[in-house]
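# Understanding the architecture of this molecule
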Amino acid sequence: MILARNVTKFYPKHDKPALHNINLSISKGEFVFLVGPSGSGKTTFIRLLLREILPTSGEIEVAGIDVVRLRSWKIPYLRRNIGCVFQDFKLLPNKTVFENVAFALEVLGKPRKIIEVHVPEVLKLVGLEDKAEKFPHELSGGEQQRVSMARAIVNRPPLLLADEPTGNLDPSTSLEIMALFDRINRLGTTVLVATHDREMVDSMRKRVVALENGQIVRDQRRGVYGEG
Amino acid sequence: MRVSWFLKEAFISLRRNLVTSFAAITAVALCLFVLGVFGLFILEVGQIISSLESDVEVVAFLKDTATTQEINDLQHKIFNWPEIDKMKYVSKEEALKRFRKEHPDLTQEIGDVNPLPASFEIQLKDPHDVEKIAKRLEKMEVVEEVKYGKKYVRNLFKLTSTLRRIGLLFIILLLFVSVTLIAITIRLAIFARRQEVAIMRLVGASNWFIRLPFLLEGMIEGFAGSILASIIIYLLWIFFFPWIEKALPFLPFEMSYILVFQIIFGLIVFGLTIGALGSTIALRRYLKV
């Protein structure tokens, strides 16, 4: 699902690379934590997968698409294969929960009929079927993150990326969100979660890839956050 | 794809930035109004000038000593020049006859001797050649003198080219202003909706799907401006044209509805183009999709 070969990323005006010679392979259906302190290159890696930025060198493949050689007008078709969840939820404040999730389908030009079936389905999956008509400001942080997860998967992408999805949430809510990621993963979606939430990683016992100073220092099946 | 969705989005955005949209529409209207008035003016002046220009005529007066043979030869020669449109030989007798007709009160004093020279009256295909032809004629053996409205012609040509240049400059300036104003409103619209745009990009909306509402918004502004300008020009035309016609009866004015509708059609096309151009510039600079 994700294949990175010798990926290096320099940002302009920085001496040290944000990522240095990264080799990583994630298969279909896996659940992987990408851990490491701030500035270790987690977000850079996520942005590379989304083709928001290009690597300085190396090759990246996502869902069978050669991300580096992808023509820029084809980027939207790459992103339709990737659901995305962020720390700050990125919900539209003037749209209801239903409309926020539906928006992701509308802008892909999906017909009304499909939207009216898929959105309630996915809201039910994240446990918000009774909050469909609420606005984001009427929801708790955890609920807002569920909305953003619903929006990320409503198009049924094979890959779900999350960048610090629990950064703004308290520990018990974080565990609920993680349980939801697990559920989505069990339904067949490959999940990659970048985080530095130690407790959460340790409680899940999934594959853990640790980054430090732009390099992979550990890749462990059923791992923990690790020392330090 | 659902056209109504894009139109709805465009109108929502217009409403959100009501003041700036209004400013842009007004600026486009003003620009197109001046453009339209100027266009009408240029077309009218062009008509007047071309009718004046076609009146430009070169007259070559012939020496009294010229024989009929010489005159015939010259006539053939001149008529073979490619610049010549029409020419007419006016004999001494013909000239006298005309003179008598135009000034009946003076004919008594002339007596028996005919002081008027014979001449060729020459009209050119392109009035701009007048000086060249006059110079060539002056070199002819039997030609005594060449006359044409030298200064008049020069001034006329200078006036037309100056007017055209000033007009062009003015129009370019105004176009620049309107395109910039539209670009600014679209930029504001993009800014107001940057969150939505970010999410659209994230979930993989195609580039044109993101751009189209903004493009439409700019074109709606350009269109609204052109309609406003057209209405004003049409009203002005209805109220003022008869008045101008009466005030300046000596000018060969000719103004038809067709002309006005051509101008209005042109303004609408221009308005849409300005709108599209302005939003395209804003999209390229502020919306990296």
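Quantities reported herein were computed from a predicted structural model and do not represent experimental measurements. (Residues numbered from 1 in each chain as written. Chains lettered and ligands numbered in written order. Predicted model: local features only at pLDDT ≥ 70, side-chain atom pairs only at ≥ 80, totals over all residues.)

### Topic: helix α6 (residues 171–186) of chain A
All names here are of chain A.
- For α6, spanning 16 residues, the distance from its first C-alpha to its last is 23 Å, which sits close to the expected 22 Å at 1.5 Å a residue.
- Restricting attention to buried positions, one finds in α6 the residues Ser 174, Ile 177, Met 178, Leu 180, Phe 181 and Ile 184. Each buried residue of α6 lies within a common arc of 155° when the element is viewed along its axis, so the set occupies one face. More than 90 degrees from the buried face of α6, the exposed residues found are Ser 172, Ala 179 and Arg 186.
- Looking at the residues trailing α6, positive phi occurs at Gly 188, about 115°. (Helix = DSSP H or I, 4+ residues; strand = E, 2+ residues; numbered from the N terminus. Expected span 1.5 Å × (residues − 1). Buried ≥ 20, exposed ≤ 12 C-beta atoms within 10 Å, placed from the backbone. Arc of directions from axis to C-beta.)

### So, the confidence of the model for chain B
All names here are of chain B.
- Of the residues in chain B, 88% reach a pLDDT of 70 or more, and the chain-wide mean stands at 81.
- Element-level mean pLDDT values for chain B span from 64 in helix α5 (residues 107–110) up to 88 in helix α10 (residues 257–286).
- Scored as a whole, the predicted complex attains pTM 0.69, and scored at its interfaces, ipTM 0.83. (pLDDT = per-residue confidence, 0-100.)

### Things to note about the packing of helix α1 (residues 3–16) of chain B against helix α9 (residues 207–247) of chain B
Residues and elements named next belong to chain B.
- Viewed as axis vectors pointing N to C, α1 and α9 meet at an angle of 60°, and their least axial separation amounts to 8 Å. The two elements α1 and α9 cross, and the hand of that crossing is right-handed. Residues Phe 6, Leu 7, Glu 9, Ala 10, Ser 13 and Leu 14 of α1 touch α9, and the partners they reach there are Leu 212, Pro 213, Leu 216, Glu 217 and Ile 220.
- Residues belonging to the contact of α1 with α9 are distributed by class as follows: eight nonpolar, one polar and two charged. (Axes fitted to C-alpha atoms, helices over the stretch in contact; angles between N-to-C directions. Left-handed = near helix turned anticlockwise from the far one by under 90°. Contact = placed C-beta atoms within 7 Å. Nonpolar A, V, L, I, M, F, W, Y, C, P; charged D, E, K, R; others polar.)

### Comments concerning unusual backbone geometry
Residue and element names in this part refer to chain A.
- A positive phi angle, close to 50°, is found at Asn 21, a residue other than glycine.
- Locating Asn 21 in the fold gives a position in strand β2 (residues 19–26).
- Of note, Ala 63 is a non-glycine position whose phi angle comes to about 50°, a positive value.
- Examined against the element boundaries, Ala 63 turns out to sit in the loop between β4 (57–62) and β5 (65–66).
- For Ala 63, a count of 17 C-beta atoms within 10 Å translates into the label partly exposed.

### Quick notes on the nonpolar core
- A:Leu34, A:Leu49, A:Val101, A:Ala150, B:Val28 and B:Leu32 are the most contacted members of the largest nonpolar core, which has 109 residues in total.
- A total of ten residues in this core trace back to one element, the largest contributor, which is α9(B).
- Setting aside chain neighbours within four positions, we find A:Ala150 in contact with A:Val101, A:Val122, A:Leu123, A:Val126 and A:Leu128.
- Grouped together as the second largest cluster of nonpolar side chains are 13 residues, B:Val58, B:Ala60, B:Leu62 and B:Leu74 included. (Core = buried A, V, L, I, M, F, W, Y, C linked by C-beta atoms within 7 Å.)

### What about the sheet that holds strand β2 (residues 84–90) of chain B?
Residue and element names in this part refer to chain B.
- Across the sheet, which stays open at both edges, the four strands sit in the order β2-β3-β1-β4 with antiparallel pairing between neighbours. Strands at the two margins of the open sheet, each flanked by one partner only, are β2 and β4 (143–147). Taken pair by pair, the neighbouring strands of this sheet meet at an average axis angle of 20°, ignoring direction.
- Bridging between β2 and strand β3 (residues 119–124) involves six bridges; their strand directions are antiparallel. What sits directly across from Val 90, in β3, is Ser 119.
- Contacting β1 (57–62), β2 and β3, helix α3 (residues 68–79) crosses the sheet at an angle of about 165° to β2. (Pairing = 2+ DSSP bridges.)

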